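Residues per chain, in single letters:
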Amino acid sequence: MGRPHVLAIPYPAQGHVIPLMELAQCLAKDGIKVTFVNTEFNHKRIVKALSQTGNINESIQLASIPDGLEPWEDRNDLGKLTVAMLKVMPEKLEALIEKINETESDKIVCVITDYGMGWALELANKLGIKRAAFVPTAVALLALAINAQKLVDEGIIDSDGTPLKHQMIQLSPDTPAMSTLNLVWTCMGDFTTQKVIFHSISQNITSAKLADWILCNSSYELERGALTLVPNCLPIGPLLASNRLGKSAGHFWPEDSASLAWLDQQPANSTIYVAFGSFTVFDQTQFQELALGLELTNRPFLWVVRQDMTQDNDKAYPKGFKDSVKNRGKLVGYASTEVGLELDKDESGIIRQAEIRKKVELLLTDKSYKTRALDLKLKAMSSATGGCSQKNFNNFVDWIKEN
């Protein structure tokens, strides 16, 4: 009998691909073969970045299927991307699984899919294959999604996810309060996109009922309150390459190694690191306010600026900004617990430079933030390297290897 063979498919965003790739690396280390399926668009970027590092286990093979969009279409339009994926990817993934099972001795015995790709669970169920859903984000977001219908029933949001009034809500006494203006689906673009994402989230909640396992990249130490709201979600995190003495893989862009040499020249614990998700897009006003806020801190900073972060990055920088910060600031294209502060927007919806400076200074001068962060880090790492997260992972591996 051959090795157990798992197919893993992430949601096509950087913050989803890397954690699932790390899970794949851990499975491969335990003797499990993995076919890792990206969209064709992301596959090309990942392969290009990997060519410089090769940080991938030999038991992992990379594959790709189309996402339904043309190469030139905007994948930052999440509504359009979501609709296109649902139309095209299920059929293409089924064909890929059938091809693998017809041509390889190691048949697919389990599909591990991002929680945001619930259709893949439906497909695996149809094909009679074991199923696991993986949550790479904070479990609190999953708890919010699961309680979305309750928010509708209570008149807090309408049937499309739009808040009916500005208020603070709390899912349970053990979870932080959140503003209805910051519900995850309301931060995804215009109303059309919000509506698509909200209903997609609802469908994923239904599809997840088909999962044999629901795993998350978190730990009880980090999110005990949220995990209590989702008792069938088992933490196996934090998934870090350093835990297996390896290096991470699945990056969309080659790392800017020059930033490491620059960092080595800065005093210990002195540098501000600034980075946003792979879908984050700023208008020119917010981009400039962020730049000026960093300049006002008068501290060294490393700011990861994607090429598509704003309409025209080079023209978006405030006049003279690059010259004024060239000795203490580093702008890079790519560089390789929640304890923090919320940045407040003004009446026009912009986070101003003074607010950025104020919160950065508070974060760096109030020692309690660092103390709490280090305490959470210690507890989370302990869980991932011998505690509850490690035990959950080991049980999952044993389940995959069962006949």
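Predicted, not measured: the structure shown is a model, and the values here were computed from it.

**Student:** What is the right way to read a nonpolar patch on the surface from this model?
**Tutor:** On the surface, Leu341, Leu362, Leu363 and Leu364 cluster together to form a nonpolar patch covering roughly 280 Å² of accessible area. Among the residues examined, Leu341 registers a relative accessible area of 31% and is labelled partly exposed.

**Student:** Even after reading the chapter, I still don't get the packing of helix H5 (residues 139–146) against helix H8 (residues 220–229), so can you show me in this structure?
**Tutor:** The angle between the axes and the distance between the axes are what describe a pair of packed helices. In contact at an axis separation of 8 Å, H5 and H8 are set at 25 degrees when each is read in the N-to-C sense. By the angle between their directions, the pair H5 and H8 is classed as roughly parallel. Of the two elements, H5 crosses H8, and the hand of that crossing is left-handed. Here Val139, Ala140 and Ala143 of H5 come into contact with H8, specifically with Glu223, Ala226, Leu227 and Leu229. Grouping the constituent residues of the contact of H5 with H8 by class yields six nonpolar, no polar and one charged.

**Student:** Looking at this structure, I do not really get the sheet that holds strand S2 (residues 33–39). What am I missing?
**Tutor:** As a general point, the strands of a sheet are linked pairwise by backbone hydrogen bonds and lie either parallel or antiparallel. If you walk across this open sheet you meet the seven strands as S3-S2-S1-S4-S5-S8-S9, and the pairing is parallel. Of all the strands in the sheet, just strand S3 (60–65) and strand S9 (233–235) have a single pairing partner and so form its edges. Neighbour to neighbour, the strand axes of the sheet diverge by 25 degrees on average, direction disregarded. Across four bridges, the pairing between strand S1 (residues 5–9) and S2 is parallel. Of the residues in S2, the one forming a bridge with Ala8 is Phe36. Packed onto the sheet, helix H2 (residues 40–50) meets S2 and S3 and runs at close to 120 degrees relative to S2.

**Student:** Is there a simple way to think about helix H14 (residues 367–384) in this case?
**Tutor:** Residues that lie three or four places apart on an α-helix share one face, since the helix turns once every 3.6 residues. The end-to-end C-alpha distance of H14, which contains 18 residues, comes to 26 Å, matching closely the 26 Å that a straight helix rising 1.5 Å per residue would cover. Within the sequence span of H14, burial applies to Tyr369, Leu376, Ala380, Ser383 and Ala384. For H14, the buried positions fall inside an angular range of 90 degrees around the axis, keeping them on one side. Those residues of H14 that are exposed and aimed more than 90 degrees away from the buried face are Lys367, Thr371 and Leu378. The inward-facing, buried residues of H14 contact H8, helix H13 (353–365) and helix H15 (388–401).

**Student:** Would you mind going over the environment of Met89 with me for this structure?
**Tutor:** The residue Met89 is located in helix H3 (residues 78–103) in this model. Residues Met89 and Leu234 lie 145 residues apart in sequence; the distance between their C-alpha atoms is 27 Å. With residues up to four places along the chain from it excluded, the contact list for Met89 reads Ile9, Thr39, Ile65, Pro66, Asp67, Met117 and Trp119.

**Student:** What's the story with the nonpolar core in this structure? I'm lost.
**Tutor:** General note: in soluble globular proteins, nonpolar side chains tend to be found buried as a group. Ranked by internal contacts, the top residues of the largest apolar core, which has 54 residues, are Leu7, Ile9, Leu93 and Trp185. Among the elements that line this core, the one with the most residues is H3, at nine residues. If near-sequence neighbours (up to four positions away) are discounted, Leu93 is found in contact with Leu7, Ile9, Val37, Ile65, Trp119, Ala120 and Leu123. Counting 31 residues, the second-largest nonpolar core is a separate cluster that includes Ala28, Phe252, Phe393 and Ile400.

**Student:** Looking at this model, I keep getting lost on the environment of Glu73. Mind explaining?
**Tutor:** Along the chain, Glu73 turns up in the loop between S3 and H3. Glu73 sits in the buried class, given a relative accessible area of 15%. Measuring from C-alpha to C-alpha, the distance between Glu73 and Ala28 comes to 34 Å, with 45 residues separating the pair along the chain. In this structure the side chain of Glu73 is engaged in a polar contact, spanning 2.6 Å, whose partner is the side chain of Lys80.

**Student:** Looking at this structure, how should I read the packing of aromatic side chains?
**Tutor:** For any pair of aromatic rings, the description consists of the separation of the ring centres together with the inter-plane angle of the planes. Here the structure, examined in full by the defined rule, presents 12 aromatic pairs. Seen in terms of ring centroids, Trp185 and Phe198 are 5.0 Å apart; in terms of plane orientation they differ by 65 degrees. Their pairing is edge-to-face. Residue Trp185 is found in the loop between strand S7 (178–179) and helix H7 (191–207), and its partner Phe198 is found in helix H7; the two are separated by 13 residues along the sequence. The same class applies to Trp185 and to Phe198, which are both buried. What links up through ring pairs into an aromatic cluster is the set Phe287, Phe301, Trp303, Tyr317 and Phe321. When the ring centre of Phe41 is taken as origin, the NZ or CZ atom of Arg75, which lies over that ring, is 4.3 Å away. Note that Lys130 overlies the ring of Trp399, its terminal NZ or CZ placed 4.8 Å from the centroid.

So, how was this worked out
Residues numbered from 1 in each chain as written. Predicted model: local features only at pLDDT ≥ 70, side-chain atom pairs only at ≥ 80, totals over all residues. Heavy atoms only, no water. Patch = residues over 30% accessible without salt bridge, like charges linked within 9 Å, V, L, I, M, F, W, Y side chains within 5 Å. Areas by Shrake-Rupley, 256 points an atom, 1.4 Å probe, with all protein chains shown as cover. Salt bridge = Lys/Arg side-chain N within 4 Å of Asp/Glu carboxyl O. Buried < 20%, exposed > 50% of the residue type's maximum accessible area, 1.4 Å probe, protein only. Axes fitted to C-alpha atoms, helices over the stretch in contact; angles between N-to-C directions. Helix = DSSP H or I, 4+ residues; strand = E, 2+ residues; numbered from the N terminus. Parallel < 35°, antiparallel > 145°, perpendicular 65-115°, else oblique. Left-handed = near helix turned anticlockwise from the far one by under 90°. Contact = heavy atoms within 4.5 Å. Nonpolar A, V, L, I, M, F, W, Y, C, P; charged D, E, K, R; others polar. Pairing = 2+ DSSP bridges. Expected span 1.5 Å × (residues − 1). Arc of directions from axis to C-beta. Core = buried A, V, L, I, M, F, W, Y, C linked by side-chain atoms within 4.5 Å. Polar contact = N/O pair within 3.5 Å; in protein donor to acceptor, adjacent residues only side chain to side chain. Phe/Tyr/Trp six-rings, centres within 6.5 Å; stacked < 30°, edge-to-face > 60°. Lys NZ or Arg CZ within 6 Å of the ring centre and 35° of its normal.

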